[in-house]
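The primary structure of each chain is shown beneath.
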Amino acid sequence: MSEDHFVPFNFSDADDVGSESKLPIKIGDLLVQSTMVDQETLDSCMALCIKMHVPLGRILAMEGHLAEDLLGKALEIQELIRTNALSVPNGITALKLVKQQALTIEEAVARVNALPTAAGVKASRLGDLLRESAAAQQKQIEKALIDGINASLPLGQVLLNRGIITIDLLNSALMGLRMMRDGIASRSQILQALRSARLRQLPLVQPLIEMGIIEEDPYPYSDIGYLMFLSGLINERELISAREIEVTEDKTVDEALISCGFCSEKSVTALNELLNMLMEGALQEDQAIQLLKKLETVDWEIPKVLEALDQEEEYEEEELEVGELLKVTGCIHPEDLEIATSRSLKKRQPLATSLLESGFITQLTLDGANALKSLVAQRILNLEQARTLLAYCHENDVEVGAAIKDFDWLPPAMN
Amino acid sequence: MFGAQKPQPPPSRGRINLPNLKSTPTMDIYRTMYEQAQANQPREVEQLFVAPNTNLTYSLSVKFESGKHNPVWTLLEDDGTEAQMLWQQESGDFDLINDMVCMSAQSSRAMDRSKTNMPAMDPSASLTQPSYEQQSSGFAGGYGGATGGYPGAQNSGAFNPGDLQGQPAHFEPTRSSGTLPTLNQQGSGNVDYLGDKMPSQSQHGPRFSEAGQQLETKTFEGSVDSTQVSTLVNSLHNDGLTGRLEILGDESVGEIYFLNGVPMYAHVAGILGDSAVRELITWRKGTFAFFPDEKTDVRNVMRPLMETVMEGIALLDKKKHLERMGLTADAYLVKKVRNMSETEIRLMLSKGEAIDMNRQLEVFKTIAHKYSLNDLLRDRPMESADWIPIIFNFLTCELIDIKPPDAVKVGALDFLGEGKTEVDSLLDAMVRQETGVMSYSAFLMFLQHEFFRYEAYGWPMSIILFEMNRKKDHDTNQKRGDLQSMFDILPPSAVQNAAKRIEMVKRPLDILGHYEMLEFALLLPNTRTASAAYVANRILQTLTVTPLIKNLDKKSLKLAFGVANLPADGDSVQQLLSAARAAKNRAVEANFPLIISKSFK
């Protein structure tokens, strides 16, 4: 960091009062309000800098309270505030972003400039679309934009977390933005279709097909994100998050997946290679999915995974017994299970029949246990998930399908 | 990157419109129509014309149908309230068509005058001197009979003709400022999905035509706050104006195209046609402007205007009443009596307006505890034309109360005013500054308090014990070595972000805190195990859906959640905590990082 950063008036209440008074915010206050240093540290460093006649910034850096590059960035922000390029609250938020998310000044300023102002919401592609299609209100979007910046979440995810929109609606809105970007449909067509999709609780593609705008889903196997979703490497919500970044930040899906941390550059190369093989018909969908699952374990080397394809796979999952599953999830009391077991042995009938006849469980619970056993056997769910889901079904008197949907553990095949 | 390979729009298959006429067509026009229809088979060629000294608009169209030698001519008449077909004739004889058109126009004109018993209006009459008498009488009767009244609504019953007569004074004819670009009326519309021309939409794209930009002229403009949209639409209709009415509302922009006073095309936020007109009539905030002579070739407004206006006004009245009763998007819909049988609900609803009973029952069943209008429209999406009458019925049939959100969301101690700051500072003292999360000791205090409640009332309580760490190295992590040496604690900024995300997911009464040195816990009062697992799963999702901070993404984040519950896992706090710890420790090693305690005993 250059010495230029240690211009005395920038640092201290004790420095040139005349210059300080012209600043909308002092550097000390800026640092405290952006949680870069706490007030106690600032006070002690202030005392020292007055005593030693050394700029505050240097004391903070020397004492290890603040890295020099962060201090430099704080000064840049302060300058932007001084020149009215940023408001004080936005400057504080930008500095927090710089510190927390290691953004550059430009990136942080761009983000805070997307925040709502007194004049209303600034451009937000997704927000505008949701607002215009009456899926969310302006004030909800405004608040979600602010919360999203504070928690480093995209707008759609905040709206989902807050329960303002459903995952299906978000998916449709993002697909609409994608189609507008790709020139497949106009904004008014997407708005009309999105409204219809929302009211009829259908995917966006359906009303678009009915309107004659498209003939079929324009994005089958369109990118590696969907391939990862199919193979279970990412879940639906993660895919949607990457899609949101793709369409709202003008990134490619590869870049979006990398920025979300779902892919590395190496894995992107391998995934694209696999996608090409699928598109060219060199691989079937289930083969591609199997390959993809293995690729992760061999550091994304396709030749290695092709070699290993014929090898027998080890399966270490615990064997799942329906009776045991019912017991451990609290669906049946252990003593009741013992009674039903002895009765089934005595009558030479299946345990399930005894459980039902004795009234220890309902048909719904039994069906749920059997369905989950089957899903575990197919490796769609693991044992821990099955146990949690059965407990959820039992407690809330819902079917397995609804429970899986609530937990968003729906495998692509069941979507 | 965008639009590199934009698909070309399909060739237009829509109707060909010829320039409008203010008199009956001449023989040349028939010939032109014939030739155009022949050259552009199977497209239809339409000629709109106005019968002189009447309010009547005619549409003459001609179309060659496959397999037929002569084209089919169709004449439609529109009196401003409805359009009807006068005749359809297959012929290649222009004289015959001309005779039929002239006869139809003359007879209709005579009927029009005898029916209204008033001098015919000049379609180009000034908007500031409207003749409303013709419309208002029928209007009032229709509305009053159709909807009936409701308690407390000021405008219940009949439409007040005075609304029409009193309002137009707000129109301030303004000559164009000359700064706005304009539509190219003949060629700027987008091609819609049927191949028809669609009007360019001011909110969705530039109004510039490719060539020859002209200056847009606004005849008048004003505020919807002071001039009701219904009044505005009626005035344009009565004055027989042609042009585009644009209304800028709070959240979207709507527009209606008029042709000689007849609404032809309406659009607002994805709603088209009559529904769009009805929606616009319920708007009470925003500004409007009328751009004369802007036309569209597409027609989607089909129903008589008066009918739509009446529906819109009825809807608006209901909406106003609901708002007076405190309905906002955040307001809670609270059932007056819980556990009513379906028969009881049906009986109650039978006192209200006749709406599809099954639909009302479905909506009523959807209303849960602490259920806002927002929640309802999220779970059961409906247009305002659908939900307003239903909620109105629920309210007037005394099935629900509307509670303002403030009654629920305002802090319980807000009444203390300044005195509340001491409480706030006490709460602040419980929070660890660097992470923004409650300290361990404060968390234990709340845990103890919740345990007392469990003991006193038997309410279940759950705890989610979880850890959030950064993996040091992905590869070494696979070796299952010393777990402690494989993970780093998260930086405070990441914990702050995580806490903010958890805040979005948890209920306000759930308490998040540090647990011992490096872990975290969420206390969920009155919650059973699986429901707590559901919350834990949502936390897991929201923490991994995007990186918490730069370079701390899903792959580098190590999460493990253990869920335990009283009474399922014991009957003391100690047992609860040890069960949660055991579950969490198991989750560290498990295939899925979320384990409920009772599931592995």
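Residue numbers here run from 1 along each chain, matching the order of that chain's written sequence. Naming scheme: in the order in which they are written, chains are lettered from A and ligands are numbered from 1. For a predicted model such as this one, the threshold for reporting local features is a pLDDT of at least 70, and the threshold for listing and counting side-chain atom pairs is 80 or more; totals across whole chains, interfaces and linings nevertheless cover every residue. Excluding hydrogens and water, the side-chain figures rest on all heavy atoms present in the structure.

A.B. asks: Is there a simple way to explain the overall build of chain A in this structure?
C.D. replies: Strands here are runs of E lasting at least two residues and helices are runs of H or I lasting at least four, both read from the DSSP assignment and numbered beginning at the N terminus. Summing up its helical and strand segments, chain A has 25 helices and zero strands in all. When a residue's accessible area, from a 1.4 Å probe over protein chains only, is under 20% of the maximum for its type it is buried; when over 50% it is exposed; and in between it is partly exposed. Out of the 415 residues in chain A, the part that is buried amounts to 52%. Contacts are residue-level and defined by heavy atoms, with any inter-residue pair within 4.5 Å sufficient. Within chain A, counting contacts between residues at least 6 apart in sequence, those at least 24 apart form 55% of the total. The method behind every accessible area is Shrake-Rupley, applied with a 1.4 Å probe, and residues are considered shielded solely by the protein chains displayed. Accessible area of chain A: about 19000 Å², with a carbon and sulfur share of 49%.

A.B. asks: Would you mind going over the nonpolar core with me for this structure?
C.D. replies: Buried Ala, Val, Leu, Ile, Met, Phe, Trp, Tyr and Cys residues form a nonpolar core when they are joined through side-chain atoms within 4.5 Å. Counting 60 residues, the largest nonpolar core has Leu326 of chain A together with Ile464, Leu543 and Phe561 of chain B as its most contacted members. The element best represented in this core is helix α18 (residues 529–544) of chain B, accounting for eight residues. Residues contacting Ile464 of chain B, with those up to four places away along its chain left out, are Phe520, Ala521, Leu522, Leu524, Ala532, Val535, Ala536, Phe561, Gly562 and Val563 of chain B. If you look at the next biggest cluster of nonpolar residues, it comprises 40 residues, including Ala173, Met175, Ala185 and Ile240 of chain A.

A.B. asks: When you look at the sheet that holds strand β5 (residues 83–90) of chain B in this model, what are you seeing that I'm missing?
C.D. replies: By definition, the strands of a sheet pair up through backbone hydrogen bonds, in either a parallel or an antiparallel sense. Residues and elements named next belong to chain B. Ordered in space as β1-β2-β3-β4-β5, the five strands form an open sheet in which the pairing is mixed. Each edge of the open sheet carries a strand with a single partner, namely β1 (16–21) and β5. Mean inter-strand twist for the sheet, computed between neighbouring axes without regard to direction, equals 15°. In this description, strands pair whenever DSSP reports at least two bridges between them. The pairing of strand β2 (residues 45–50) with strand β3 (residues 57–63) spans six bridges and is classified as antiparallel. By the bridge assignment, Gln47 is partnered in β3 with Leu60. Note on method: axes are straight lines fitted to C-alpha atoms, helices fitted across the in-contact stretch only, with angles between N-to-C directions ranging 0 to 180 degrees.

A.B. asks: Help me understand the sheet that holds strand β15 (residues 332–335) of chain B, please; the structure alone is not making it clear to me.
C.D. replies: Residues and elements named next belong to chain B. On the basis of which strands lie adjacent, the open sheet formed by three strands has the order β16-β15-β17 and antiparallel pairing. Both edges of this open sheet fall to β16 (371–372) and β17 (400–403), since each of them pairs with a single strand only. As paired strands, β15 and β17 are joined by four bridges and run antiparallel to one another. For Lys335, the partnering residue across the bridge sits in β17 and is Ile400.

A.B. asks: Which parts of the structure should I look at to understand the confidence of the model for chain B?
C.D. replies: Note that predicted coordinates carrying low pLDDT should not be read in detail. Residue and element names in this part refer to chain B. Each residue carries a pLDDT score, the predictor's confidence in it, ranging from 0 to 100. For chain B, the mean per-residue pLDDT works out to 75, and 75% of the residues sit at or above 70. Highest mean pLDDT in chain B belongs to strand β22 (residues 511–515) (96); lowest belongs to helix α3 (residues 133–147) (31). Of the regions scoring below 50 in pLDDT, residues 474–481 engages in eight contacts with residues more than four places distant in sequence or in other chains.

A.B. asks: Help me understand the interface of chain A and chain B, please; the structure alone is not making it clear to me.
C.D. replies: Many authors give the size of an interface as the accessible area that is lost as the parts come together. Facing the 74 residues of chain A at the interface are 65 residues of chain B. Buried surface at the junction of chain A and chain B, both sides included, amounts to about 5900 Å², of which 50% is carbon and sulfur. Note on definitions: salt bridges are taken to be side-chain nitrogens of Lys or Arg within 4 Å of carboxyl oxygens of Asp or Glu. Counting the contacts that link chain A with chain B gives three salt bridges. Among the ionic pairs, Glu238 of chain A bridges to Lys554 of chain B, the shortest N-O distance being 2.8 Å. Any pair of N or O atoms that falls within 3.5 Å is considered a polar contact. Within protein, one atom must be able to donate a hydrogen and the other to accept it, and sequence-neighbouring residues count only if both atoms are side-chain atoms. At the boundary of chain A with chain B, the tally comes to 22 residue pairs in polar contact (both at pLDDT 80 or more). Taken together, the elements giving at least two residues each to the side of chain A that touches chain B come down to α6 (88–101), α8 (125–132), α9 (138–151), α10 (155–161), α12 (187–200), α15 (236–248), α24 (383–396) and α25 (400–407) of chain A. Residues are grouped as follows: Ala, Val, Leu, Ile, Met, Phe, Trp, Tyr, Cys and Pro are nonpolar; Asp, Glu, Lys and Arg are charged; all remaining types, including Gly, are polar. Residue classes in the side of chain A that touches chain B are distributed as 24 nonpolar, 27 polar and 23 charged. Throughout, the accessible surface (probe 1.4 Å) given up by two parts as they are put together, summed over both, is called the buried area.

A.B. asks: I would appreciate a short explanation of the pattern of salt bridges in the present structure.
C.D. replies: When charged atoms on two side chains of opposite charge get close, those side chains can pair. All names here are of chain B. All chains considered together, the criterion is met by 43 salt bridges over all chains. Put simply, Glu467 and Lys584 hold a salt bridge, and the shortest N to O gap is 2.8 Å. Here the residue Glu467 occupies a position in strand β20 (residues 461–471), and Lys584 occupies one in helix α19 (residues 573–589), the gap between them amounting to 117 residues. Look at Glu467 and you get buried, because its relative accessible area is 10%. According to the relative accessible area criterion, Lys584 is buried, its value standing at 3%.

A.B. asks: Is there a simple way to think about unusual backbone geometry in this case?
C.D. replies: A negative phi angle is the norm for most residues apart from glycine, just as the trans form is the norm for most peptide bonds. Residue Pro567 of chain B follows Leu566 of chain B across a cis peptide bond; omega there is 15°. Within the chain, Asp250 of chain A stands out as a residue other than glycine whose phi angle is a positive 55°. Along the polypeptide, Asp250 of chain A turns up in the loop between α15 and α16 (253–259). Unusually for a residue other than glycine, Glu398 of chain B sits at a positive phi of about 60°. Mapped onto the elements, Glu398 of chain B comes out in the loop between α11 (384–396) and β17. For Glu398 of chain B, a relative accessible area of 49% gives the class partly exposed.

A.B. asks: What am I meant to see in the pairing of β3 of chain B here?
C.D. replies: Residues in a regular strand project their side chains so that they alternate between the two faces of the sheet. All names here are of chain B. Counted residue by residue, β3 has six buried out of seven residues, so it is predominantly covered. Judged from the seven bridges that link them, β3 and strand β4 (residues 72–78) form a sheet pairing that is antiparallel. Each bridged residue has a counterpart across the sheet, and for Lys63 the counterpart in β4 is Val72.

A.B. asks: Would you mind going over helix α21 (residues 334–347) of chain A with me for this structure?
C.D. replies: Owing to its 3.6 residues per turn, the α-helix aligns residues three or four sequence positions apart on the same side. All names here are of chain A. A helix is expected to span 1.5 Å for every residue after the first. The end-to-end C-alpha distance of α21, which contains 14 residues, comes to 20 Å, matching closely the 20 Å that a straight helix rising 1.5 Å per residue would cover. Among the residues of α21, Leu337, Ala340 and Ser344 are the ones counted as buried. Summarising the axial view, the buried residues of α21 lie within an arc of 65°, below the 170-degree limit, and thus occupy one face. Seen from the open side of α21, the exposed residues pointing more than 90 degrees away from its buried face are Glu335, Glu338, Leu345 and Lys346. In this structure, the buried side of α21 is in contact with α20 (322–328) and α22 (351–357). Of all possible arcs, the one meant is that of the directions from the helix axis to the C-beta atoms.

A.B. asks: For this particular structure, what's the right way to read α9 of chain A?
C.D. replies: Taking 1.5 Å as the rise per residue, α9 of chain A with 14 residues should run 20 Å; its terminal C-alpha atoms sit 20 Å apart, in good agreement. Residue Ser152 of chain A follows α9 of chain A closely and has a positive phi angle near 55°.

A.B. asks: In this structure, what is going on with the packing of aromatic side chains? I would like to understand it.
C.D. replies: Ring pairs (aromatic) are described by centroid distance and by the angle formed between their planes. For this analysis, a ring pair means two rings from Phe, Tyr or Trp (six-membered ring only for Trp) whose centres lie within 6.5 Å, classed as stacked if their planes differ by under 30 degrees, edge-to-face if by over 60, and tilted for the remaining angles. Counting across every chain of the model gives 18 aromatic pairs over all chains. The interplanar angle of 25° and the centroid separation of 5.9 Å between the aromatic rings of Tyr392 of chain A and Tyr534 of chain B together place this pair among those described as stacked. With Tyr392 of chain A in helix α24 and Tyr534 of chain B in helix α18, this residue pair bridges two chains. Looking at Tyr392 of chain A, the relative accessible area reads 9%, which means it is buried.

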